[in-house]
Amino acid sequence: MHIVVTNDDGVVAPGLLALAQIMRELGTVSILAPDRNWSASGHVRTLDRPLRVREVTLGDNTPAWACDGAPSDCVALALCGFFSEPVDLVVSGINPYANIGDDVTYSGTVTAAMEAVIGGLPALAVSVDSPDNHLGMVDYQAAATYALKITATMLRQGMPKGLLLNINVPYLPLEKIKGIRVTRQGSREYHDRLDKRVDPRGKPYYWAIGDLPTAQAEPGNDAEALQNQYVSVTPIQMDLTAYRFLPEMNSWIWE
Ligand code: MN
């Protein structure tokens, strides 16, 4: 089993190393990740310039590859044969913050996994719901333990093509986590507002951000699982067709 580990926080992020270390229990791990932070960069393919990749060494002397493209570029390289050994599985993370609800298409962590399933491979995205005001290093141990457990289960059970697993782990010590919940994707409320400012040369510039997004916990959704101290595992499909709306839309009269 050849596992490619990537992330969106950059190759030096501690969450990547925690994930790579634990994935070694399942096979040979190769690391190919962005050389900088691509959080909230969405599903990206770089087509108008070449991609540069250089070899780096991580904290525990693990060799890794740092690419100047996006997370999904890293996965595309891996799927196109960057490594001499074929790739069997792509695991992305561990992101220090949750990727739930509408985050999924913004998230470089999740879109890296999307790139893998488009290429026909099983894939998982792993995030831990650490609080934004958390001080010091994020502890990835519990999230890594659950990432291993869920990946092993997924490989044993088998995944249909075109689906990925989006894993979100509550930020708790392992013994405080109550277990795993299979969830549906919820929704986010973003609190962005336009903040227009003026630069030293008198030209306007803009921030379109605001307070941190919130998520509504509803029965069976990702936010509810986290709130109740469960690991949320959501199967995500790349087919975004709104099937429940097709019958109504088929009755439309086109003018
Ligand atoms: Mn990130």
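Rules behind the numbers
Residues numbered from 1 in each chain as written. Predicted model: local features only at pLDDT ≥ 70, side-chain atom pairs only at ≥ 80, totals over all residues. Heavy atoms only, no water. Salt bridge = Lys/Arg side-chain N within 4 Å of Asp/Glu carboxyl O. Helix = DSSP H or I, 4+ residues; strand = E, 2+ residues; numbered from the N terminus. Buried < 20%, exposed > 50% of the residue type's maximum accessible area, 1.4 Å probe, protein only. Patch = residues over 30% accessible without salt bridge, like charges linked within 9 Å, V, L, I, M, F, W, Y side chains within 5 Å. Areas by Shrake-Rupley, 256 points an atom, 1.4 Å probe, with all protein chains shown as cover. Pairing = 2+ DSSP bridges. Donors = N, O, S within 2.8 Å, 3.2 Å for Na, K, Ca; no water. 1 Å grid on protein atoms, 1.4 Å probe; cavity = no way out; pocket = protein on both sides within 12 Å on 5 of 7 lines; lining within 4 Å. Points joined across faces, edges and corners; volume = space filled by probe spheres on them. Nonpolar A, V, L, I, M, F, W, Y, C, P; charged D, E, K, R; others polar.

Peer 1: Pulling in residues and values, what's your account of the pattern of salt bridges?
Peer 2: Note that side chains of opposite charge can pair when their charged atoms are close. What the rule picks out here adds up to eight salt bridges. A salt bridge links Arg45 to Asp73; its shortest N-O distance comes to 3.9 Å. You can see Arg45 sitting in the loop between strand E2 (28-34) and strand E3 (53-57) and its partner Asp73 sitting in helix H2 (residues 71-79), a full 28 residues away along the chain. Among the residues examined, Arg45 registers a relative accessible area of 43% and is labelled partly exposed. On the accessibility criterion, Asp73 (1% relative accessible area) is buried.

Peer 1: Report on a nonpolar patch on the surface, specifying residues and quantitative values.
Peer 2: Residues Tyr205, Trp207 and Ile209 make up a contiguous nonpolar surface patch of about 310 Å² in total accessible area. Within the fold, Ile209 resides in strand E10 (residues 204-215).

Peer 1: Explain the pairing of strand E4 (residues 63-67) to me, and be specific about the residues and the numbers.
Peer 2: One ladder, built from three bridges, connects E2 with E4; its direction is parallel. Its bridge partner lying in E4, Ala33 is registered against Ala66. Inspection of the sheet shows E3 paired to E4 by five bridges, in the antiparallel sense. By the bridge assignment, Val56 is partnered in E4 with Ala64. Here E3 hands over to E4 after five residues, with Asn61 in that stretch at a positive phi of 70 degrees.

Peer 1: Before we move on, can you summarise the coordination of the manganese ion with the specific residues and values?
Peer 2: Within the protein, the manganese ion binds to Asp8 (OD), Asp9 (OD), Ser39 (OG) and Asn95 (OD1); these donor distances fall in the range 2.1 to 2.3 Å. On the accessibility criterion, Ser39 (37% relative accessible area) is partly exposed.

Peer 1: An account of the layout of surface pockets is requested, with residue identities and associated values reported.
Peer 2: As a volume, the largest pocket reaches approximately 1,000 Å³. Those elements that place two or more of their residues in the lining of the largest pocket are helix H3 (103-106), helix H4 (108-118), strand E9 (188-198), E10 and helix H6 (222-227). Of all the elements, E10 adds the most residues to the lining of the largest pocket, at eight residues. For the second largest pocket, the calculated volume is near 250 Å³. For the second largest pocket, the full set of lining residues is Gln237, Asp239, Leu240, Thr241, Ala242, Tyr243 and Arg244. Partitioning the lining of the second largest pocket into residue classes produces three nonpolar, two polar and two charged.

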